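# Chains, contacts and geometry: an overview
The chain contents come next:
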Amino acid sequence: MLLISPLAGVIGAHLMDHPHRHRAHGHRSAVVLALLLIGMVVFYAIVMTFVIRRLRRRFDGQWIPLPAGLPRRDRRHVQRAIRRGEPSADRFLRYVETTSARKIALQKRRVLWVLPVGLVGCAVIAVTNWSRSPVLAWVYLGLLVLLVLCLPRTIRVYRGADRYLRTVNIDPDALRRAG
């Protein structure tokens, strides 16, 4: 989007800012500009889809912070163990699970404050801008829905991390107070 917006502005200014053009030609210019913008947005969507898919494969399951270089099978095992609150028998994986669960526990207080504030903020912005800018209101309503959809998984990860830390005899509340 950072590339499309300035480029569209330059092209639009070039097509629309010639005083010697007739009104009919100006309409053609607007159509050309609209088609050009649609083409750029489609190109951007295709590129971003490719990038997102590639990043998703690379960082699969990063709801739980894990060290780089851990094989995919082990990452999934660690994530599952933390979500369920069940430490694994392998000492290395148990160390990774404990470290990751500690990081999650330290993030919990901040995220559980930011998420409701974001929900309320999105709702207020959507409602107050409904008459002035319906498009902006729909964008914030979409963001609100996205935050609501992320909320259950986020809470489940935090509860699992707390349960995991209690299983390995670490008090997550004391950890948050100290951190």
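Attention here is on the structure that accompanies the text. Everything numeric in this text was worked out from a predicted model, so none of it was measured. (Residues numbered from 1 in each chain as written. Predicted model: local features only at pLDDT ≥ 70, side-chain atom pairs only at ≥ 80, totals over all residues. Heavy atoms only, no water.)

## Some thoughts on the overall build of the protein chain
What counts here: Here a helix means four or more residues in a row that DSSP labels H or I, a strand means two or more in a row labelled E, and each is numbered from the N terminus. Each residue gets one of three labels from its accessible area relative to the maximum for its type: buried under 20%, exposed over 50%, partly exposed in between, using a 1.4 Å probe on protein chains only. We call two residues in contact when some of their heavy atoms are within 4.5 Å. A 1.4 Å probe and the Shrake-Rupley method give the accessible areas. Residues count as covered only by the protein chains that appear here.
Secondary structure assignment for the protein chain yields six helices and zero strands. Secondary structure of the protein chain in N-to-C order comes out as α-α-α-α-α-α. Considering the protein chain as a whole, with its 179 residues, one finds that 27% of them fall into the buried category. Within the protein chain, contacts between residues at least 6 apart in sequence are counted, and of these 56% link residues at least 24 apart. Accessible surface for the protein chain amounts to roughly 12800 Å². Of this, 66% is attributable to carbon and sulfur atoms.

## So, the nonpolar core
Nonpolar side chains in soluble globular proteins tend to be buried together. The cut-off we apply is this: In these notes, a set of buried Ala, Val, Leu, Ile, Met, Phe, Trp, Tyr and Cys residues joined through side-chain atoms within 4.5 Å is what counts as a nonpolar core.
Of all hydrophobic cores here, the largest spans 16 residues; its most connected members are Val78, Ile82, Ala101, Ile104, Ala161, Leu165 and Val168. Of all elements in the fold, only helix H3 (72–84), helix H4 (91–128) and helix H5 (134–167) reach the threshold of two or more residues within this core. With sequence-adjacent residues up to four places away left out, Ala101 is seen in contact with Ile82, Ala161, Tyr164 and Leu165. Counting five residues, the second-largest nonpolar core is a separate cluster that includes Leu115, Leu119, Leu144 and Leu147.

## Concerning a nonpolar patch on the surface
Here is the rule: Exposure above 30% relative accessible area and the absence of a salt bridge qualify a residue for a patch, where like charges join within 9 Å and nonpolar side chains (Val, Leu, Ile, Met, Phe, Trp, Tyr) within 5 Å. Should a side-chain nitrogen of Lys or Arg be within 4 Å of a carboxyl oxygen of Asp or Glu, the pair is scored as a salt bridge.
A surface patch of nonpolar side chains, about 490 Å² in accessible area, is lined by Val31, Leu35, Ile38, Val42 and Ile46. Within the secondary structure layout, Ile46 lies in helix H2 (residues 23–58). We classify Ile46 as exposed; its relative accessible area is 55%.

## Re H5
Let me state the cut-off plainly: Any helix carries an expected span of 1.5 Å times its number of residues minus one.
Over its 34 residues, H5 extends 50 Å from the first C-alpha to the last, a length consistent with the 50 Å expected when each residue adds 1.5 Å. When we look at burial in H5, the residues that qualify are Ala137, Leu144, Leu147, Thr154, Val157, Tyr158, Gly160, Ala161, Asp162, Tyr164 and Leu165. The secondary structure elements touched by the buried residues of H5 are H3, H4 and helix H6 (172–178). Following H5 by one or two positions, Asn169 adopts a phi angle in the positive range, close to 65°.

## Some remarks on H3
Two residues of an α-helix separated by three or four positions point the same way, owing to the 3.6 residues in each turn. Helix length check: H3, at 13 residues, gives a terminal C-alpha distance of 18 Å against a target of 18 Å (1.5 Å per residue), a fit within 8%. Gly85 occupies a position one or two residues after H3 and carries a positive phi of about 80°.

## Quick notes on the packing of H3 against H4
Put simply, the test is: Orientation is described by lines fitted to C-alpha atoms, with helices fitted over the stretch in contact, and by angles between N-to-C directions that extend from 0 to 180 degrees. For classification purposes, an angle smaller than 35 degrees is called roughly parallel, one larger than 145 roughly antiparallel, one from 65 to 115 roughly perpendicular, and anything else oblique. Crossing handedness is defined as follows: a turn of the near helix away from the far one that is anticlockwise and smaller than a right angle gives a left-handed crossing, while the clockwise case is right-handed. Residue type decides the class: Asp, Glu, Lys and Arg count as charged, Ala, Val, Leu, Ile, Met, Phe, Trp, Tyr, Cys and Pro as nonpolar, and the leftover types, Gly among them, as polar.
Two numbers describe how H3 lies on H4: the axes approach to 10 Å, and their chain directions differ by 55°. Put simply, H3 runs oblique to H4. For the pair H3 and H4, the sense of crossing is right-handed. Facing Asp74, His77, Val78, Ala81 and Ile82 of H3, the residues of H4 in contact are Leu93, Val96, Glu97, Ser100, Ala101 and Ile104. Broken down by class, the residue content of the contact of H3 with H4 amounts to seven nonpolar, two polar and two charged.

## Details of the packing of H4 against H5
At a minimum axis separation of 8 Å, H4 and H5 run at an interaxial angle of 150°. In terms of their interaxial angle, H4 and H5 are classed as roughly antiparallel. In the crossing of H4 with H5, the sense of the turn from one axis to the other is left-handed. Split by residue class, the contact of H4 with H5 holds 24 nonpolar, four polar and five charged.

## Looking at the side chain of Asp162
In this fold, Asp162 is placed in helix H5. Its relative accessible area of 6% is what places Asp162 among the buried residues. Here Asp162 is in contact with Ala105, Lys108, Pro172 and Arg176, once residues within four sequence places are set aside.

Spatial relationships are all this shows, so hold off on functional conclusions.
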